[in-house]
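Listed below, chain by chain, are the residues.
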Amino acid sequence: MERSDRRLSIALGIGLAGLVAVPWYRIESGFFALDWVSNFPAGSAEGPALVQAISHGRWMLAIIALIFAAGLVARAFRVSSFRSHLLVAAGAAGIVFLVLQGLAIGFTGWTWTISESLFGALEQGQPSMGAGAGLVALSFILMSSFGLAERGVLRGDAFVIGSIALLIFLVSIFVFYPVGSMFIGAFQSFDGSFDPSGFVRNIQDPSIWSLDCVIGGGRCGIAWRTLLLAILAAFGSTMLGLCFALVATRTRFPFKKGLRLLTILPIITPPFVIGLALILLFGRAGVVTQQLSNLFGIEPGRWLYGLTGILIAQVLSFTPISFLVLIGVVEGVSPSMEEASQTLRADRWRTFWKISLPLMKPGLANAFLIGFIESMADFGNPLVLGGSHGVLSTEIFFAVVGSQNDPSRAAVLAIILLFFTLSAFLAQRVWLAGKSFATVTGKGDSGAHIALPRPLSIGVHAVVIPWVLFTLVIYGMIFFGGFVRTWGLDNTLTFEHYRRAFSFTFENGAFAWTGVAWNSFWTTIEIALISAPLTAAVGLLTAYLIVRQRFVGRNVFEFALMMSFAIPGTVIGISYIMAFNLPPLEMTGTALILVACFVFRNMPVGVRGGVAAMSQLDKSLDEASLTLRATSFRTMRKVILPLLRPAIVAALVYSFVRAVTSISAVIFLVSAEYNMATSYIVGLVENGEYGVAVAYSSMLIIVMIVIITFFQLLVGERRLRRENRVATAFVPSATPQEKAAS
């Protein structure tokens, strides 16, 4: 009872602060700039909710305060059925009313015609919501969650209920609301009236669904090209990722640390840079192409431009993601099961095929799903290497910003893409349904992993070593390009590109960052360092809820989380601009919109990696902790998280890297104050400054390697105790009589 009262008091304190202690509306100069303090609390722009309602005529906010007062009344009662019902009702009503009044009232008054008909015209509108509204919304969510906990929902676990409610609220705001805003545009004309003709016209477009490649020898439609490319890229990246994971964990490969470093290089590189390097190698004027032409008379072709080139670039880019997902799964397979198989006279090949590989199914399925969705949503590689072979992501981009200017077409293509990705997700769920893959339990585990069968060991080395050499050549081209005067034309060595991008001086006892790239560089690193831990925390918390908890709508909840990952970055960027450029939430041009985009766009990777790793942890570990009266929060912090360190590292690394290298969504969301590295590099490329662009990209790669190493050292490694015990027979000691006889 004391715990219930204490947590409810905290929730009510948060709401009270939102109503009387901070500005209710958005501060144009930024909340943390504290410029609003001088006019607080009387200012019409800076006042808290109660002042706005009493002194500035915004009576809608008074209703929110009255609903909040119901929570204060509930706190006065002891824990009872009445109190829990009142908390749930007040919290739900507060959230609903807060959302409705925010959507219904804009800058100039009512945004809905029906509101004006019912309540009459408003004398004034309202700005976008700010810190006060955010605190009150959080308070309402906690009030409702704690009320459900007091009613015994989910065994009365307030942490689990509150986490589910908060995640649903955040996903609704940052996934469903912006995407829904854009999809509504598919059924509207330019003046905003309902008009489904554009949707019908585009969904029936033959260029999307054509099967001429199968029946007529022509070119497939955009949808089928994208689907085929995604399947091939997902299969290739998953198999290569498994090969890398096996070499890194099950062989005596002498360069394992270098191998781990090399596998993350492709994902810490801006995607268009890899495409440019491939063009310099295999394009019509590429190094390899020219050498083959000179030596063997092979005429240069355009085979790289199209699905072949995109596939090579995507497999190169997505294999490290599969490796990061799979390495924790491969390490987590229990050696005792493999030893039991060998004790029953199974050879190493049969043991691997029948025992080890089936236990890796969650990781393989998740790696394939991530590769499939990444390929579907990839924008940079198809833009550079696609040529006339467009895919869904690039076609969406050109439908919005190109000469077509057809938002309806962009929405239709996004719906098709979403259908493909969610179908893959459903297929994965069906394949893994009803199967258990737990290998890490609370029982003692002895032994070491068996060596790979010799043919398999040779095979994975035969795949990994050439791929490593190919990757080294690619990155040799990238780093070399930063030190030549004109990449691909004039190979005179120079440091001019680095001086122009990253020069600095020391004047009057302080550094002056004079290089042209410093502003976007520091902005990128700052936003990425903020986004990465938030993404990892939200993703792993979600994975814990999905795997360990059973609640109504769990499958729908998991599907909703995949939406942000399945939709191309171009759609995410445009939908964020459409949704967050006006009340109730105005975030365009701020760092917050970039952080929100990165967190909810990259969160599914942390979710899938966490689900794969947590599927191997036996539930008896949680049950033992809960039996000892630990809370769910303490169980997760002390038991689950230490065993999820590979998944934590993967989530941190991937979310940080994607925040630095993302281009498709970022290019719509940056501003003069918050300009990200990738958009700045694209501007350099458009201006023909390839040397500075490559130098900037090379510097980003080095910085990301340093920060990723720091993440690894900070989190540490998962310690699964593996011991080799030698059994000794019991030999009784000799009796005194036996000793005397001897």
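Structure: above.
As the structure is a computational prediction, the values presented were derived from the model and not from experiment. (Residues numbered from 1 in each chain as written. Predicted model: local features only at pLDDT ≥ 70, side-chain atom pairs only at ≥ 80, totals over all residues. Heavy atoms only, no water.)

This next bit is on the overall build of the protein. Within the protein, the secondary structure is distributed over 34 helices and 6 strands. Relative to its full complement of 742 residues, the protein shows a buried share of 53%. Nonlocal contacts in the protein, meaning residues at least 24 apart in sequence, comprise 74% of its contacts between residues at least 6 apart. Summed over all atoms, the accessible surface of the protein reaches about 33600 Å², with 65% contributed by carbon and sulfur. (Helix = DSSP H or I, 4+ residues; strand = E, 2+ residues; numbered from the N terminus. Buried < 20%, exposed > 50% of the residue type's maximum accessible area, 1.4 Å probe, protein only. Contact = heavy atoms within 4.5 Å. Areas by Shrake-Rupley, 256 points an atom, 1.4 Å probe, with all protein chains shown as cover.)

Inspection of the entire model under this criterion finds 8 salt bridges. Linking R26 and E586 is a salt bridge whose minimum nitrogen-to-oxygen distance equals 3.9 Å. Of the two residues, R26 sits in the loop between α1 (2-20) and α2 (49-55) while E586 sits in strand β6 (residues 585-586), which places them 560 residues apart along the sequence. Note that E689 and R500 form a salt bridge whose closest N and O atoms lie 2.4 Å from each other. Of the two residues, E689 is situated in the loop between α32 (677-686) and α33 (690-715) and R500 in helix α23 (residues 496-502); the sequence distance between them amounts to 189 residues. With relative accessibility at 23%, the residue E689 sits in the partly exposed group. A relative accessible area of 34% places R500 in the partly exposed class. One salt-bridge network, held together by shared partners, links D5, R83 and E150. (Salt bridge = Lys/Arg side-chain N within 4 Å of Asp/Glu carboxyl O.)

This part is about the pairing of strand β3 (residues 504-507). Both β3 and strand β4 (residues 510-513) contribute to a ladder of 4 bridges, which runs antiparallel. Considered in β4, the bridge of F504 is made with W513. Connecting the antiparallel pair β3 and β4 is a turn made up of 2 residues, with N508 showing a positive phi of about 55°. (Pairing = 2+ DSSP bridges.)

Remark: helix α24 (residues 518-548) packs on helix α30 (residues 645-661), axes separated minimally by 8 Å, with the N-to-C direction vectors making an angle of 145°. The hand of the α24/α30 crossing is right-handed. In contact with T524, I525, A528, L529, A532, P533, T535, A536 and L540 of α24, α30 contributes A647, I648, A651, L652, S655, F656, A659 and V660. Across the contact of α24 with α30, the residue classes tally to 14 nonpolar, 3 polar and no charged. (Axes fitted to C-alpha atoms, helices over the stretch in contact; angles between N-to-C directions. Left-handed = near helix turned anticlockwise from the far one by under 90°. Nonpolar A, V, L, I, M, F, W, Y, C, P; charged D, E, K, R; others polar.)

This brings us to the nonpolar core. In terms of nonpolar packing, the biggest core is built from 176 residues, with L278, M360, I474, Y576, F656 and Y696 touching the most fellow members. For this core, the leading source of residues is α24, giving 15 residues. The residues touching Y576, leaving out its near neighbours within four places in the chain, are F174, P178, N581, I593, A596, C597, F600 and L669. In this structure, L19, I67, M129 and A137 belong to the second largest nonpolar core, which totals 23 residues. (Core = buried A, V, L, I, M, F, W, Y, C linked by side-chain atoms within 4.5 Å.)

All right, on to helix α3 (residues 60-75) then. Since one α-helical turn is 3.6 residues long, residues separated by three or four positions face the same way. Counted at 1.5 Å a residue, the expected span for α3 with its 16 residues is 22 Å, and the 24 Å between its end C-alpha atoms agrees. Among the residues making up α3, those that are buried are M60, L61, I64, A65, I67, F68, G71 and A74. Angularly, the buried residues of α3 cover 160° about the axis, an arc narrow enough to put them on a single face. Residues of α3 that are buried sit in contact with α1, α2, α4 (81-104) and α6 (131-150). (Expected span 1.5 Å × (residues − 1). Arc of directions from axis to C-beta.)

For the rest of this paragraph, the subject is the packing of helix α16 (residues 335-343) against helix α17 (residues 348-359). Remark: α16 packs on α17, axes separated minimally by 10 Å, with the N-to-C direction vectors making an angle of 145°. As for the relative orientation of α16 and α17, their crossing is right-handed in sense. Of α17, the residues touching α16 (which contributes M337, E338, S341 and Q342) are R348, T351, I355, S356 and L359. Its residues assigned to classes, the contact of α16 with α17 shows 3 nonpolar, 4 polar and 2 charged.

Relative to the 38 Å expected for 26 residues at 1.5 Å per residue, helix α15 (residues 307-332) spans 36 Å between its end C-alpha atoms, a close match to the ideal helical length. Buried residues dominate α15, accounting for 21 of its 26 residues.

So, on to the packing of aromatic side chains. Enumeration according to the criterion identifies 31 aromatic pairs in this entry. Through successive ring pairs, a cluster of aromatic residues spans F502, F504, W513, W518, F521, W522, Y680 and Y696. Of note, R7 hangs over the ring of F146, and the distance from its end group to the ring centre comes to 5.5 Å. (Phe/Tyr/Trp six-rings, centres within 6.5 Å; stacked < 30°, edge-to-face > 60°. Lys NZ or Arg CZ within 6 Å of the ring centre and 35° of its normal.)

Let us look at a nonpolar patch on the surface. A surface patch of nonpolar side chains, about 750 Å² in accessible area, is lined by W59, V96, L100, W112, I114, L118 and F119. Among the elements of the structure, α4 and α5 (113-119) are those that each provide at least two residues to the nonpolar patch. Broken down by element, the nonpolar patch gets its largest block of residues, 3 residues, from α5. Along the polypeptide, F119 turns up in helix α5. (Patch = residues over 30% accessible without salt bridge, like charges linked within 9 Å, V, L, I, M, F, W, Y side chains within 5 Å.)

Mapped onto the secondary structure, S625 falls in helix α28 (residues 620-627). A distance of 2.7 Å separates a polar atom in the side chain of S625 from a polar atom in the side chain of T635. Each residue touching S625, except ones within four places of it in the same chain, is listed here: A630, T635 and V639. (Polar contact = N/O pair within 3.5 Å; in protein donor to acceptor, adjacent residues only side chain to side chain.)

All right, on to the environment of S172 then. Following the sequence through the fold, S172 ends up in helix α7 (residues 158-184). Through-space distance from the C-alpha of S172 to that of A560 is 8.8 Å; in sequence the pair is 388 residues apart.

Right, let's talk about unusual backbone geometry for a bit. The linkage connecting F40 with the following residue, P41, adopts the cis geometry, with an omega of 5°. By secondary structure assignment, the location of P41 is in the loop between α1 and α2. A cis geometry characterises the amide bond from P583 onward to P584, with omega recorded as 10°. With respect to the helices and strands, the residue P584 is situated in the loop between β5 (581-582) and β6. In the Ramachandran plot, L34 falls in the positive-phi region, its phi being about 65° despite a non-glycine side chain. Along the chain, L34 turns up in the loop between α1 and α2. Here the phi dihedral of R155 falls at roughly 60°; this positive angle occurs in a residue that is not glycine.

Attention now goes to the environment of F580. By the element assignment, F580 lies in the loop between α26 (569-579) and β5. Taking the relative accessible area as the measure of exposure, F580 reaches 0% and is therefore buried. Once the C-alpha coordinates of F580 and S128 are considered, the two residues, 452 residues apart in sequence, prove to be 9.4 Å apart. Once you skip the residues sitting within four places of it in the chain, F580 turns out to touch I173, F174, Y177, P178, L585, E586, M587, T588 and I593.

Topologically, E673 is positioned in the loop between α31 (666-669) and α32. Taking the relative accessible area as the measure of exposure, E673 reaches 54% and is therefore exposed. Considering only alpha carbons, one finds E673 and N519, 154 residues apart in sequence, at a separation of 8.8 Å.

Within the secondary structure, R409 is located in helix α21 (residues 407-432). By relative accessible area, R409 is classed as buried at 7%. Within the structure, R409 has its side chain in polar contact with the side chain of D205 (distance 2.7 Å).

In short, shape yes, function no, at least from these values alone.
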